[in-house]
Amino acid sequence: LLEAMAASLPVIATPNGFAKDLIKDGINGYIVNYGDTNALSEKMEHFIKDVHISEQLGMEAKFTYLEQKKLWKCYRKHFHAYVEYGLPSFAPH
């Protein structure tokens, strides 16, 4: 999910995990219920028939990713832990 959003790709996902918190249906991707193949097909068709929808949702997906990246600060936290456990190459320069 996050990798796709970072690459400006909208996501079609079930309302579980990160998706339920990060996907705004019709804004930065689509939410479909597990097993609802008709809804999944319909959402996939949106991307095939209208490239502009995909581009617009993709831009919003990237924006969502950038917001989350700031909030989580995950790389800084991970690299700090690596340095603490003896991997100095992860120290900031």
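Please read these numbers as outputs of a predicted model, since none were measured by experiment. (Residues numbered from 1 in each chain as written. Predicted model: local features only at pLDDT ≥ 70, side-chain atom pairs only at ≥ 80, totals over all residues. Heavy atoms only, no water.)

**Section: the pattern of salt bridges**
Right, on to step 1. The full count for this structure, using the stated rule, is three salt bridges.
Right, on to step 2. Between Lys-43 and Glu-42 there is a salt bridge, and its shortest N-O distance comes to 3.7 Å.
Right, on to step 3. The partly exposed category is assigned to Glu-42, whose relative accessible area is 44%. (Salt bridge = Lys/Arg side-chain N within 4 Å of Asp/Glu carboxyl O. Buried < 20%, exposed > 50% of the residue type's maximum accessible area, 1.4 Å probe, protein only.)

**Quick look at helix H3 (residues 37-49)**
Every α-helix carries 3.6 residues per turn, so stepping three or four residues along brings you back to the same face.
Right, on to step 1. In a regular helix each residue adds 1.5 Å, so 13 residues correspond to 18 Å; H3 covers 18 Å between its end C-alpha atoms and thus fits that length.
Right, on to step 2. All of the buried residues along H3 are Ala-39, Lys-43 and Phe-47. Each buried residue of H3 sits inside an arc of 85 degrees when the element is viewed along its axis, so together they form one side. More than 90 degrees from the buried face of H3, the exposed residues found are Thr-37, Asn-38, Ile-48 and Lys-49.
Right, on to step 3. Packing partners of the buried residues in H3 comprise strand E1 (11-13), strand E2 (29-31) and helix H4 (51-72). (Helix = DSSP H or I, 4+ residues; strand = E, 2+ residues; numbered from the N terminus. Expected span 1.5 Å × (residues − 1). Arc of directions from axis to C-beta. Contact = heavy atoms within 4.5 Å.)

**Here's the deal with the packing of H3 against H4**
Right, on to step 1. Close contact between H3 and H4 brings their axes to 5 Å; oriented N to C, the two are set at 105 degrees. Judged by the angle between their axes, H3 and H4 are roughly perpendicular. On H4, the residues that touch His-46, Phe-47 and Lys-49 of H3 are Val-51, Ile-53, Ser-54 and Leu-57.
Right, on to step 2. For the contact of H3 with H4, the per-class residue count stands at four nonpolar, two polar and one charged. (Axes fitted to C-alpha atoms, helices over the stretch in contact; angles between N-to-C directions. Parallel < 35°, antiparallel > 145°, perpendicular 65-115°, else oblique. Nonpolar A, V, L, I, M, F, W, Y, C, P; charged D, E, K, R; others polar.)

**Points about the nonpolar core**
Right, on to step 1. By size, the foremost hydrophobic cluster in this structure holds nine residues: Leu-2, Met-5, Val-11, Ala-13, Ala-19, Leu-22, Ile-23, Ala-61 and Tyr-65.
Right, on to step 2. Taken together, the elements giving at least two residues each to this core come down to helix H1 (2-6), E1, helix H2 (17-22) and H4.
Right, on to step 3. Among residues more than four places away in sequence, those in contact with Ala-13 are Ala-19, Tyr-30, Ile-31 and Val-32. (Core = buried A, V, L, I, M, F, W, Y, C linked by side-chain atoms within 4.5 Å.)

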